[in-house]
Amino acid sequence: MAKAWETAGSTDFVITTVNVPDRLDLQEVRARADEDVDRTERFRIDWYAIRVWVVRLLLIGLVGAAGLFAWEAAQPIRAELSADRIAQRLTAATRQQVRVADTGFVWTPTPRFVVSGVEIGKVWRAESVSIHFNWADAWRAVRGGGWIWGEASVAPTKLDLGQAEFLVRALPGLGPALPRSISTVRFESIEFPAIELLPGRYEGVIRRQGDGSFGAITLRGLAENATLSASPPAADADGIRFQFNAANWPASVGPRVVWTEAHATGAVRANLVEVKDFLLVGYFGSVKGAVYAAADREWVVTGTALGANLDIEAMLKQATGVRETDEAARPSVAMAGTANFEWLLSGWGATFEEAVASATAAGPFRVRWATINGINLGYAATRPGAASGPGGATRFTELSGWVVAGPKGTLFQDLEGRAGALAARGQILMGAGGSLSGSLRVDLGGTRVQAPLNLRIGGTIAAPLFGR
């Protein structure tokens, strides 16, 4: 019998409609999800970024405000450090019209304030003056605590006598013109090209005293062991007092020898230079005296020099560069003995430097235990026909004469020497380069009836030549 379909109850299978997504549907779903995320992030507020920029803007504002405050607070300082203001202060201090080209701060290698192109009338010009300071003092000045400067350093310069005198006389006026915190003014290098008495380069130092004024300037040789101290005058009519001291000083005037000690004191006034006393000491003797130079239409130099117990041989060897180690290989110098002299100094010229350079010394001299090396005058005089070549020596019991020493050489004239009955007279010229020229007349006196011997002198100090 056929079965009928049951309309009630459960069945084993149910047919339903299920939407199974394929690959394209999955990609669309993911794209819509990403779009939803982007839309959410696009409109989300980034509070971290806002906080960072607020802090940055606040800091920028604070720095700007501090800079503006510092600029306004530094207005009085900037006014005092301007080129015009500095020129006014220096004009009042030096009583000369001063011009300043520029001013500004330099931060490397060390912080300093530089004043450039300082011209003091037509007297002197400095390329630059640097005033040193440190950062702590600069910040204190910005806060209104007052600026504390270090030392002032002047660029290398060259001076003549007039400029040097002007600068020393201007020292008292610099005290009130410069800030009190500047306790030292230092000249890095000073040269005196026209002053032969001060060769080489010197460092100059000026220090402030307890009353606020600047005292003496002290020059120290950068190559030689020499110091020169110059003090400003108490009044305009007074002179500038100076004192010079040196050790192992190579003489720039007179014989080119090295003195173990050199000392001089004196004063400088307008058109007048006084070296009241000087002393030169060497292992070969000493020289002392005084020198004066005055100007009217031209400069005139006068003075005196007294030498005591000067070892002639040692001086000549040093002047010609003969060293002790060379004695075995080189002949002795022309003369030996111990000299004493009294000289008068004189010179003149259009300028002080020319007068000093042209100065001559003249006066009598006397030599004890004098010896002429290179010839035996007694032997040569008793043998007229013999060759008078080099060799031997002549020792005098007395030797005196008159000397004139100048830039071109030294002339020994009116020479009179005696060795027993032998007498020698004549003159000898020693050139600036050490050359010798002259003549001697040798007479044996009454011991023998013989004609006097006439000798020509040539060669050099280290190697004299004698001929008939």
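Structure: above.
What this report covers is the structure whose coordinates are included nearby. (Residues numbered from 1 in each chain as written. Predicted model: local features only at pLDDT ≥ 70, side-chain atom pairs only at ≥ 80, totals over all residues. Heavy atoms only, no water.)

## Comments concerning the overall build of the protein
Counted only if it meets this: In this description a helix means any DSSP run of H or I spanning at least four residues, a strand means any run of E spanning at least two, and both kinds are numbered starting from the N terminus. Each residue is assigned to one of three classes by its accessible area relative to the maximum for its type, calculated with a 1.4 Å probe on protein chains only: buried under 20%, partly exposed between the two thresholds, exposed over 50%. Whether two residues are in contact is decided by their heavy atoms, any of which lying within 4.5 Å being enough. Per-residue and other accessible areas were derived by the Shrake-Rupley procedure at a 1.4 Å probe size, with only the shown protein chains allowed to occlude residues.
Within the protein, the regular secondary structure consists of 10 helices and 23 strands. In the protein, buried positions account for 38% of the 468 residues. A sequence separation of at least 24 residues applies to 45% of the contacts in the protein between residues at least 6 apart. Carbon and sulfur atoms form 58% of the exposed surface of the protein, whose accessible area is close to 28000 Å².

## Section: the pairing of strand S9 (residues 225-231)
Applicable threshold: Between any two strands, at least two bridges found by DSSP are needed for them to pair.
Relative to S9, strand S8 (residues 214-221) runs antiparallel, the two sharing four bridges. When the sheet's bridge partners are listed, Ile217 is paired in S9 with Ala230. Bridge count between S9 and strand S10 (residues 240-250): seven bridges; the pairing is antiparallel. Bridging across to S10, Ala230 finds its partner in Phe242.

## What about empty space enclosed by the protein?
Under the convention used in this document: The way it works is a 1 Å grid over only the protein atoms, where trapped points that fit a 1.4 Å probe form a cavity and open points with protein on both sides within 12 Å along at least five of seven lines form a pocket, and then any residue with an atom within 4 Å of a point lines it. Grid points are joined across faces, edges and corners, and a volume is the space filled by probe spheres set on the points. Any residue that is not Ala, Val, Leu, Ile, Met, Phe, Trp, Tyr, Cys, Pro, Asp, Glu, Lys or Arg is counted as polar, Gly included; the first ten are nonpolar and the last four charged.
If you walk through the whole model with that rule in mind, you get one cavity of 30 Å³ or more. As for the largest cavity, its lining consists of Ala194, Ile195, Glu196, Leu197, Phe352, Glu353 and Val356. Grouping the constituent residues of the lining of the largest cavity by class yields five nonpolar, no polar and two charged.

## What about the environment of Val291?
Note that Val291 resides in strand S13 (residues 285-295). Separated by 14 residues in the primary sequence, Val291 and Ala305 have C-alpha atoms spaced 8.5 Å apart. Once residues within four sequence positions are removed from consideration, Val291 is found in contact with Val273, Glu274, Val275, Phe278, Val301, Thr302, Gly303 and Leu345.

## Here we look at the layout of surface pockets
The space that makes up the second largest pocket amounts to roughly 680 Å³. Ile86, Leu90, Ile131, Leu178 and Ile182 are, among the 30 residues lining the second largest pocket, the residues nearest its centre. Elements supplying a minimum of two residues to the lining of the second largest pocket: helix H3 (75-80), helix H4 (83-94), strand S2 (112-120), strand S3 (124-132), strand S4 (152-154), helix H7 (171-177) and strand S6 (184-191). Split by residue class, the lining of the second largest pocket holds 27 nonpolar, one polar and two charged.

## So, the packing of aromatic side chains
To describe a pair of aromatic rings, you give the distance between the ring centres and the angle between the ring planes. Counted only if it meets this: Each pair of aromatic rings taken from Phe, Tyr and Trp, with Trp reduced to its six-membered ring, is defined by centres within 6.5 Å and is described as stacked if the planes are under 30 degrees apart, edge-to-face if over 60, and tilted in the remaining cases.
Here the structure, examined in full by the defined rule, presents nine aromatic pairs. Plain terms: the ring middles of Phe244 and Trp249 are 5.8 Å apart, the flat faces sit at 70° to each other, and that makes the pair edge-to-face. Both residues of the pair, Phe244 and Trp249, count as buried. Ring pairing ties together the aromatic residues Trp259, Tyr283 and Phe284, which thus form one cluster.

## Concerning the side chain of Glu274
Defined as follows: In protein, a polar contact means a hydrogen-donor-capable atom and an acceptor-capable atom, both N or O and within 3.5 Å, with residues adjacent in sequence counting only if both atoms are side-chain atoms; elsewhere, any N or O pair within 3.5 Å suffices.
Inspection of the secondary structure puts Glu274 in strand S12 (residues 272-282). For Glu274, the side chain forms a polar contact with the side chain of Arg269, separated by 2.3 Å. For Glu274, the residues in contact, after removing those within four places along its chain, are Phe242, Thr265, Gly266, Ala267, Arg269, Val291 and Tyr292.

## Topic: helix H6 (residues 161-169)
Of all nine residues in H6, seven are buried; the element is thus mostly enclosed. Looking at H6, one finds that the buried residues are Leu161, Gln163, Ala164, Glu165, Phe166, Leu167 and Val168. A distance of 3.2 Å separates the backbone nitrogen of Gly162 from a side-chain oxygen at the start of H6, and that oxygen is part of Asp160.

## Quick look at the pattern of salt bridges
To be explicit about the condition: A pairing counts as a salt bridge when a side-chain nitrogen of Lys or Arg comes within 4 Å of a carboxyl oxygen of Asp or Glu.
Evaluated as defined, the whole model comprises eight salt bridges. Between Arg99 and Glu119 there is a salt bridge whose closest N-O contact spans 3.0 Å. You can see Arg99 sitting in strand S1 (residues 98-106) and its partner Glu119 sitting in strand S2, a full 20 residues away along the chain. Among the ionic pairs, Glu119 bridges to Arg125, the shortest N-O distance being 3.2 Å. Among the charged side chains, a network of salt bridges with common partners joins Arg99, Glu119, Arg125 and Glu127.

## Brief notes about unusual backbone geometry
The phi torsion at Trp369 lies on the positive side, around 55°, for a residue other than glycine. Here Trp369 is to be found in strand S16 (residues 360-373). Given the relative accessible area of 61%, Trp369 is considered exposed. In this structure, Asp414 is a non-glycine residue whose phi angle is positive, near 55°. Position of Asp414 among the secondary structure elements: in strand S19 (residues 409-419).

## A short note on the pairing of strand S23 (residues 464-467)
Side-chain positions along a regular strand alternate between the two faces of the sheet. Note: strand S22 (residues 453-459) against S23, four bridges, orientation antiparallel. Along S23, the bridge assignment pairs Gly459 with Pro464.

## Things to note about helix H8 (residues 312-320)
Within the span of H8, buried status applies to Ile312, Ala314, Met315, Leu316 and Lys317. Taken together, the buried residues of H8 touch strand S14 (299-311), strand S15 (335-349), S16 and strand S20 (422-431). By the N-cap criterion, in which a side-chain oxygen at the helix start approaches the backbone nitrogen of a residue two or three places on, H8 is capped by Asp311, the distance to Glu313 being 3.2 Å.

## Thoughts on the environment of Leu222
Within the fold, Leu222 resides in the loop between S8 and S9. Separated by 22 residues in sequence, Leu222 and Gly200 have C-alpha atoms that sit 7.6 Å apart. Other than its neighbours up to four places away in sequence, Leu222 contacts Glu188, Ser189, Arg201, Tyr202 and Glu203.

By themselves, these figures tell us nothing about what the structure is for.
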